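Below, each chain spelled out in residue letters.
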Amino acid sequence: MLQDIAPHHLHIEYTPAEPQEDDLVFAFSDKGKKALLRAFDDTGRLLDRPVTDEYPVIPKLLFPRVLDYRSQLPDRLDGLRFLFRVDETAVFLDTGAYDESMALPGYTWLSTRLFRRGLPQEFSFAGATAWHLSEWYRTTRFCGRCGAPLKPDLKERAMRCPSCSNIIYPRINPAVIIGIRSADGERIILSRYADRPYKGRALIAGYCEIGETVEETVAREVMEEVGLHVKDITYYRSQPWGFDSALLMGFYCTVDGDEAIKRDPGELAEAWWCPRSEIGDLIGTSSLTNEMIARFRDNG
Ligand SMILES: [Zn+2]
């Protein structure tokens, strides 16, 4: 999965320091979710079109460094904010770049979807996490209690109100991904979303509501989206998914009683019982969804 970057490690501890020449800088544009990057295909040529299921290139990514900023954009160095570290490399956010008006020679604005498959994987995971923090910083500028402009806290990753001392921490949206097995253990429910750009096969998924356990979220989402009762709800693994500011928690469960799917057409364009033998190949191994489908295919 995207976050499985060992022997590398993303140190999320808040240990700000002065930017060094080789430290990474992420600049994002919220329009179209883009990052300032240089991307190459497997033959070393610059990528000239979006990576899709029909064009499944593993892109090699190059990211702006502090030295690029020193030589090309020295007046923007003051706007760099420490985010976290990947091994010894500190990662900074250009807090001034939320649109594509900025140019850095050699780099272009490319979709953050490249982080799902891009290499080196540790920096792609850093990119998804940096996007998550960038979105939070961009939308957390004024105190919700008194309206005063917020300032970054000096000791922890938080925004602080200098007027009323309100503290706001990064927002993480908890969500569940659900593998629903048939009673005989040989089929799983796959689906395709309605009204979303992602047209691949998905599992049932949804955000946790206030006041419910994650197991209750699983039972509620299954009932809402495919109209089934489930039992034996078992936790599998989790995944930080910065693209949606989410923390995904994967569960398997077994249908309880009637197996006839009653699909919610507002959420799902399709939902069907797929036998293990018909799952076939999955493109991309970065998502918890694909890992859970592959695991069911191989092990039941
Ligand atoms: Zn305040």
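Residues numbered from 1 in each chain as written. Predicted model: local features only at pLDDT ≥ 70, side-chain atom pairs only at ≥ 80, totals over all residues. Heavy atoms only, no water.

*Asks:* What is the right way to look at the sheet that holds strand β11 (residues 167–168) in this model?
*Replies:* In a beta sheet, neighbouring strands are held together by backbone hydrogen bonds and run either parallel or antiparallel to one another. Ordered in space as β9-β10-β11, the three strands form an open sheet in which the pairing is antiparallel. Each edge of the open sheet is held by one strand with a lone partner, namely β9 (151–152) and β11. Sheet analysis places β9 next to strand β10 (residues 159–160), joined by two bridges and oriented antiparallel. Each bridged residue has a counterpart across the sheet, and for lysine 151 the counterpart in β10 is arginine 160. (Pairing = 2+ DSSP bridges. Helix = DSSP H or I, 4+ residues; strand = E, 2+ residues; numbered from the N terminus.)

*Asks:* In this structure, what is going on with the environment of phenylalanine 82? I would like to understand it.
*Replies:* You can see phenylalanine 82 is positioned in strand β6 (residues 80–86). By relative accessible area, phenylalanine 82 is classed as buried at 4%. (Buried < 20%, exposed > 50% of the residue type's maximum accessible area, 1.4 Å probe, protein only.)

*Asks:* I'm lost on the domain arrangement of the protein chain in this one. Help?
*Replies:* A common way to state how big an interface is: give the accessible area lost once the parts meet. Per the domain assignment, the segments of the protein chain are domain 1 (10–139), domain 2 (141–171) and domain 3 (173–299). On a C-alpha basis, the centres of domain 2 and domain 3 stand 36 Å from each other. (Domains from an automatic or database assignment.)

*Asks:* Would you mind showing me how to read the nonpolar core here?
*Replies:* Most often, soluble globular proteins keep nonpolar side chains buried together rather than apart. In terms of nonpolar packing, the biggest core is built from 55 residues, with Phe26, Phe28, Phe63, Leu83, Phe84, Phe115 and Tyr137 touching the most fellow members. For this core, the element with the highest residue contribution is helix α2 (residues 121–139), accounting for nine residues. If sequence neighbours within four positions are ignored, phenylalanine 84 has contacts with Leu10, His11, Ile12, Thr89, Ala90, Val91, Ala126, Thr129, Ala130, Leu133 and Arg157. In this structure, Val218, Phe251, Cys253 and Val255 belong to the second largest nonpolar core, which totals 20 residues. (Core = buried A, V, L, I, M, F, W, Y, C linked by side-chain atoms within 4.5 Å. Contact = heavy atoms within 4.5 Å.)

*Asks:* In this structure, what is going on with the coordination of the zinc ion? I would like to understand it.
*Replies:* When a metal holds four donors in a tetrahedron, each ideal angle between them is 109.5 degrees; when it holds six in an octahedron, the ideal angles are 90 or 180 degrees. Note on the zinc ion: its protein donors are Cys143 (SG), Cys146 (SG), Cys161 (SG) and Cys164 (SG). The metal-donor distances range over 2.3 to 2.4 Å. Coordination at the zinc ion is tetrahedral, judged from the four donor atoms that bind it and the angles of 99 to 118° they form at the metal. Of note, the zinc ion draws all its donor residues from one chain, in the sequence arrangement C-x2-C-x14-C-x2-C. Placement of the pair is cysteine 146 in the loop between α2 and β9 and cysteine 164 in the loop between β10 and β11, with a sequence separation of 18 residues. Judged by its relative accessible area of 24%, cysteine 164 is partly exposed. (Donors = N, O, S within 2.8 Å, 3.2 Å for Na, K, Ca; no water. Tetrahedral: all angles 85-135°; square planar, octahedral: opposite > 155°, others 65-115°.)

*Asks:* How should the pairing of strand β12 (residues 173–181) be read in this particular structure?
*Replies:* Remark: a regular strand shows side chains that alternate across the two faces of the sheet. Counted residue by residue, β12 has eight buried out of nine residues, so it is predominantly covered. In this structure, β12 lies alongside strand β16 (residues 246–255), joined through nine bridges in parallel fashion. Paired with isoleucine 180 across the two strands is cysteine 253, which belongs to β16. When β12 meets strand β14 (residues 204–207), the two strands line up antiparallel, connected through four bridges. Within the sheet, the bridge partner assigned to isoleucine 177 lies in β14 and is alanine 205.

*Asks:* Please clarify how helix α3 (residues 214–226) should be interpreted in this entry.
*Replies:* Residues lying three or four places apart along an α-helix face the same way, a consequence of the helix completing one turn every 3.6 residues. If you check α3, its first and last C-alpha atoms are 18 Å apart, about what 13 residues at 1.5 Å a residue would give, namely 18 Å. For α3, the set of buried residues is Thr217, Val218, Glu221, Val222, Glu225 and Val226. The buried side chains of α3 occupy one side of the element, clustering within an arc of 125° when seen end-on. Along its buried surface, α3 packs onto β12, β13 (187–193), β14, β15 (230–241), β16 and β17 (268–275). After α3 finishes, the residue glycine 227 shows a positive phi value of roughly 65°. (Expected span 1.5 Å × (residues − 1). Arc of directions from axis to C-beta.)

*Asks:* Sorry if this is basic, but what is going on with unusual backbone geometry here?
*Replies:* Negative phi values dominate among residues other than glycine, just as trans dominates among peptide bonds. Of the consecutive residues alanine 6 and proline 7, the connecting peptide bond is found in the cis state with omega at 10°. Structurally, proline 7 is set in the segment before β1 (10–11). Here the amide bond leading from leucine 119 into proline 120 is cis, since omega sits at 0°, within 30 degrees of zero. Tracing the sequence through the fold places proline 120 in the loop between β8 (108–111) and α2. One non-glycine residue, aspartate 87, lies in the positive phi region at around 50°. Along the chain, aspartate 87 turns up in the loop between β6 and β7 (89–94).

*Asks:* What exactly am I supposed to notice about the layout of surface pockets here?
*Replies:* Gaps left between atoms are located by rolling a probe of water-molecule size over the structure's atoms. Each pocket or cavity is described by its volume, and for the largest pocket that value is around 1,400 Å³. As for the largest pocket, its lining consists of 49 residues, and the residues nearest its centre are Arg113, Arg116, Tyr193, Tyr198 and Trp241. The set of elements that each furnish at least two residues to the lining of the largest pocket consists of β8, β12, β14, α3, β15, β16 and α4 (288–299). When residues are assigned to domains, the lining of the largest pocket turns out to be shared by domain 1 (10–139) and domain 3 (173–299), each giving three or more. Here the second largest pocket defines a volume of roughly 460 Å³. Along the wall of the second largest pocket there are 21 residues; nearest its centre are Ile12, Thr129, His132, Ile172 and Pro240. Mapped onto the lining of the second largest pocket, the elements with two or more residues apiece are β1, α2, β15 and β16. Broken down by element, the lining of the second largest pocket gets its largest block of residues, five residues, from α2. (1 Å grid on protein atoms, 1.4 Å probe; cavity = no way out; pocket = protein on both sides within 12 Å on 5 of 7 lines; lining within 4 Å. Points joined across faces, edges and corners; volume = space filled by probe spheres on them.)

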